[in-house]
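Secondary and tertiary structure notes
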Amino acid sequence: MRPVWRGAMGGMPHEVVLGASPLSREQVLDVVRDGAAVRFDAVAEKNLASARAHVEALAGGPRPTYGVSTGFGALATKHIPADRRTDLQRSLIRSHAAGAGPAVEPEVVRALMLLRLRTLTTGHTGVRPVTAGALMRLLNSGITPLVHEHGSLGCSGDLAPLASVALALQGEGEVFDASGRHVPAADALREAGLEPVTLAEKEGLALTNGTDGMLGMLVLAAADLVALLDVADLTAAMSVEALLGTDRVFADDLQALRPHPGQASSARNMAAALAGSEIVASHRGDDCTRVQDAYSLRCAPQVHGAARDTCTHAELVADRELASAVDNPVVLADGRVESNGNFHGAPLAYVLDFLAIPVADVASIAERRTDRMLDVARSHGLPAFLADDPGVDSGHMIAQYTQASLVSELKRLAVPASVDSIPSSAMQEDHVSMGWSAARKLRRGIDGLRTVLAIELLTAARALDLRAPLRPAPVTAAARDRLREHVAGPGPDRHLAPEIAAAEHLIASGALNAANGRQS
């Protein structure tokens with residue numbers, strides 16, 4: 001289940017302009033999830049025209065230039081005569097669109113298209129303005145080329161996925177039209193009033209030699225994870241409250257002793273969520289004999305905060321890549337066309353793998369809190385499994401099984417993809433990043449974390465209800481009440497799968513963050 005963003009909730013995303021200014025992560029979300037239109041400014045148009053003039057000068061010259069008048073990859077030494085270069089571009093796209101497996105999500109493909117377009121407008125790729133304009137119009141039309149799950153090694157860019165986009169630009173292959181129908185690209189272009197493009201020298205490489213799929217998925221994952229960490233702070237606070245834990249460990253002066261910014265942020269969130277709780281106040285007195293809470297309660301800001309700081313690092317890497325011009329060869333300002341290695345996905349692959357670790361760990365600590373609420377020996381007076389009639393009813397027993405199975409899966413997904421490398425292209429491309437694979441498993445991991453937090457939300461809300469007549473804090477009560485608009489309170493066993501799905505949807509919609517006074 002993917003997040004519902006501003007456009008889906010009736011907002012009007014602003015237009016995104018490519019050219020003079022670097023693209024921001026927020027602008028990527030505006031286009032990819034909210035449907036903002038894209039246009040070029042005068043700087044982009046000048047960049048495109050200037051770089052293309054350099055390429056055309058080289059194409060007409062006697063000296064072979066890689067990507068302009070030669071073959072590609074292991075065939076880079078073969079000179080291609082001028083009358084075969086259009087065939088060369090067409091063949092490159094057709095042969096490289098060699099993906100397999102299910103279609104990736106439309107938002108990933110839209111990110112792929114936008115980020116390749118951004119690089120084209122830097123003036124370092126040498127494509128014609130007409131080709132860049134055609135890609136812009138394809139993106140704005142809502143047509144989404146069919147890109148397969150498998151095919152990228154994360155080096156020489158995301159070749160197969162980007163080639164699938166370029167194939168649609170040529171009027172070949174398959175796409176999903178603006179209404180979501182799976183149709184031939186030629187039909188979708190015709191219905192949208194778009195003309196297929198015949199590629200010229202250098203354009204095949206320029207359209208396929210980028211890290212755009214990896215980068216797009218990193219931007220999307222970082223945004224999703226930031227929102228989920230706000231949810232994790234809230235559900236953790238609800239669990240602390242339900243388990244009669246203390247909020248004193250979240251005090252600012254204690255956090256200042258270890259000045260990690262993410263930890264401080266999560267501790268403040270949890271303290272604010274617990275402020276004014278009758279449940280917490282009920283056991284503050286000298287008659288409370290408990291000395292310390294379990295780690296899954298007491299150390300939640302340390303775990304969630306470390307995840308926040310990891311995400312901040314990933315955002316820094318994404319911002320650097322958004323300011324980059326990734327292609328091979330590149331066109332330089334003085335007209336030189338030079339080979340380089342900037343297409344290697346290692347900088348992105350490493351942080352994509354890095355993010356999968358806190359995703360798994362935040363889910364793991366949430367599952368431990370959930371389990372405590374269900375265990376009569378550790379829940380401080382709650383009924384076994386929060387069941388209405390323990391023995392007859394099983395309560396949330398099997399919901400915790402679901403959490404446990406997901407946490408186990410997330411641990412497997414945290415194994416890094418970027419430590420692997422398989423040589424390709426006759427050993428010319430003898431070390432690759434596997435960054436696309438890292439991004440794909442991170443997306444699955446974030447989906448799993450959302451489900452784990454949904455189950456903690458369901459369980460903690462039920463446990464808070466069972467603490468009546470003591471009232472929870474205003475913030476945790478608001479979250480509980482928002483959930484109750486979709487899921488009933490305690491009672492005899494019900495079909496739990498729809499309730500888990502409802503809680504997931506509530507989290508994905510951003511409504512839970514809004515109830516907490518935070519808007520994702």
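Everything in this summary refers to the structure shown in the same document.

Quick look at the overall build of the protein now. A tally of regular secondary structure across the protein gives 20 helices and nine strands. Taking 2.2 N^0.38 as the reference for a compact globule, 520 residues should give roughly 24 Å; the C-alpha atoms of the protein span a radius of gyration of 26 Å, in line with that estimate. Its C-alpha atoms give the protein principal-axis dimensions of roughly 90 × 50 × 40 Å. A total of 520 residues make up the protein; the buried ones form 55% of that total. Counted over contacts in the protein with a minimum sequence separation of 6, partners at least 24 positions apart contribute 78%. Here the protein displays about 20700 Å² of accessible surface, and carbon together with sulfur accounts for 56% of that area. Between the mean site of the 49 positive side-chain charges and the mean site of the 60 negative ones, the protein shows a separation of 2 Å.

By secondary structure assignment, the location of G395 is in the loop between helix 15 (346–374) and helix 16 (397–413). For G395, a relative accessible area of 11% puts it in the buried group. When the C-alpha positions of G395 and M427 are compared, they lie 58 Å apart, and in sequence the two are 32 residues distant. Apart from the residues lying within four places of it in its own chain, the contact partners of G395 are F385, L386, A387, D493 and L496.

Right, let's talk about the environment of V108 for a bit. Here V108 lies in helix 4 (residues 106–120). Once the C-alpha coordinates of V108 and T144 are considered, the two residues, 36 residues apart in sequence, prove to be 9.7 Å apart. With near-sequence residues (within four places) excluded, V108 lies in contact with M217, L220, W436, R440 and R443.

Quick look at empty space enclosed by the protein now. Applying the stated criterion across every chain, the model contains four cavities of 30 Å³ or more. Put simply, the second largest cavity is a space of about 50 Å³. What lines the second largest cavity is H396, L458, R462, L483, R484, V487, A488, G489, P490, R494 and E499. Looking at the lining of the second largest cavity residue by residue, the classes come out as five nonpolar, two polar and four charged.

With that out of the way, let us pick up unusual backbone geometry. With an omega of -5 degrees, the peptide bond running from N328 to P329 counts as cis. Tracing the chain through its elements places P329 in the loop between helix 14 (300–322) and strand 8 (330–331). Of note, the bond from A468 into P469 is cis; its omega dihedral lies within 30 degrees of zero at 15 degrees. For K202, which is not glycine, the phi torsion reads 80 degrees and is therefore positive. Tracing the backbone through its elements, the reader meets K202 in the loop between helix 7 (185–192) and helix 8 (203–208).

A few words now on the sheet that holds strand 7 (residues 182–184). Within the open sheet, the three strands sit side by side as 4-6-7. Their pairing is antiparallel. Each edge of the sheet is formed by a strand with only one pairing partner; in this case those strands are strand 4 (144–145) and strand 7. In the sheet, strand 6 (residues 174–176) pairs with strand 7 via three bridges, with the strands oriented antiparallel. Residue pairing across strands places V175 opposite V183, the latter belonging to strand 7.

So, about the nonpolar core. Soluble globular proteins tend to pack their nonpolar side chains together in the buried interior. If you look at the biggest cluster of nonpolar residues, it comprises 137 residues, and the most contacted ones within it are L117 and L135. Contact partners of L135, with chain neighbours within four places excluded, come to M113, R116, L117, L120, V165, L169 and L207.

For an α-helix, 3.6 residues make a turn, and residues three or four places apart therefore share a direction. For helix 9 (residues 212–242), with 31 residues, the first-to-last C-alpha span of 44 Å sits near the 45 Å given by 1.5 Å per residue. In terms of burial, helix 9 is largely enclosed, as 30 of its 31 residues are buried.

Relative to the helices and strands, R467 is located in the loop between helix 17 (435–466) and helix 18 (474–484). Lacking a salt bridge, the buried R467 has E241 as its closest oppositely charged neighbour, with an N-O distance of 9.4 Å. A distance of 2.8 Å separates a polar side-chain atom of R467 from the backbone oxygen of A242. For R467, the residues in contact, after removing those within four places along its chain, are A242, L243, L244, I279, S379, H380, G381 and L382.

A few words now on helix 7. Where helix 7 is concerned, the buried positions are A185, A188 and L189. Burial along helix 7 is one-sided: seen end-on, the buried residues are contained in an arc of 100 degrees. The exposed residues of helix 7 that point more than 90 degrees off its buried face are R190 and E191. Those residues of helix 7 that are buried are in contact with helix 5 (129–141), helix 6 (159–169), strand 6 and strand 7. The positive-phi residue at the C-terminal boundary of helix 7 is G193, with phi of around 75 degrees.

Bringing the packing of helix 9 against helix 14 into the picture now. Where helix 9 contacts helix 14, the two axes come as close as 10 Å, and the packing angle between them is 160 degrees. With respect to each other, helix 9 and helix 14 are oriented roughly antiparallel. In this structure, the crossing between helix 9 and helix 14 has a hand that is left-handed. Where helix 9 approaches helix 14, its residues L215, L218, V219, A222, L225, V226, L229, D230, A232, D233 and A236 are matched on the opposing element by A300, H304, A307, R308, C311, A314, E315, A318, E321 and L322. Per-class residue counts for the contact of helix 9 with helix 14 are 15 nonpolar, one polar and five charged.

Let us now look at the packing of helix 1 (residues 25–32) against helix 9. Where helix 1 contacts helix 9, the axes come no closer than 10 Å and their chain directions differ by 95 degrees. One finds that helix 1 runs roughly perpendicular with respect to helix 9. Counting all contacts with helix 1, which are made through R25, V28, L29 and V32, the residues of helix 9 involved are V219, L220 and A223. Per-class residue counts for the contact of helix 1 with helix 9 are six nonpolar, no polar and one charged.

The rules we used
Residues numbered from 1 in each chain as written. Predicted model: local features only at pLDDT ≥ 70, side-chain atom pairs only at ≥ 80, totals over all residues. Heavy atoms only, no water. Helix = DSSP H or I, 4+ residues; strand = E, 2+ residues; numbered from the N terminus. Rg over C-alpha atoms; globule rule 2.2 N^0.38 Å. Buried < 20%, exposed > 50% of the residue type's maximum accessible area, 1.4 Å probe, protein only. Contact = heavy atoms within 4.5 Å. Areas by Shrake-Rupley, 256 points an atom, 1.4 Å probe, with all protein chains shown as cover. Lys, Arg positive; Asp, Glu negative; His and termini not counted. Charge placed at Lys NZ, Arg CZ, Asp CG, Glu CD. 1 Å grid on protein atoms, 1.4 Å probe; cavity = no way out; pocket = protein on both sides within 12 Å on 5 of 7 lines; lining within 4 Å. Points joined across faces, edges and corners; volume = space filled by probe spheres on them. Nonpolar A, V, L, I, M, F, W, Y, C, P; charged D, E, K, R; others polar. Pairing = 2+ DSSP bridges. Core = buried A, V, L, I, M, F, W, Y, C linked by side-chain atoms within 4.5 Å. Expected span 1.5 Å × (residues − 1). Salt bridge = Lys/Arg side-chain N within 4 Å of Asp/Glu carboxyl O. Polar contact = N/O pair within 3.5 Å; in protein donor to acceptor, adjacent residues only side chain to side chain. Arc of directions from axis to C-beta. Axes fitted to C-alpha atoms, helices over the stretch in contact; angles between N-to-C directions. Parallel < 35°, antiparallel > 145°, perpendicular 65-115°, else oblique. Left-handed = near helix turned anticlockwise from the far one by under 90°.

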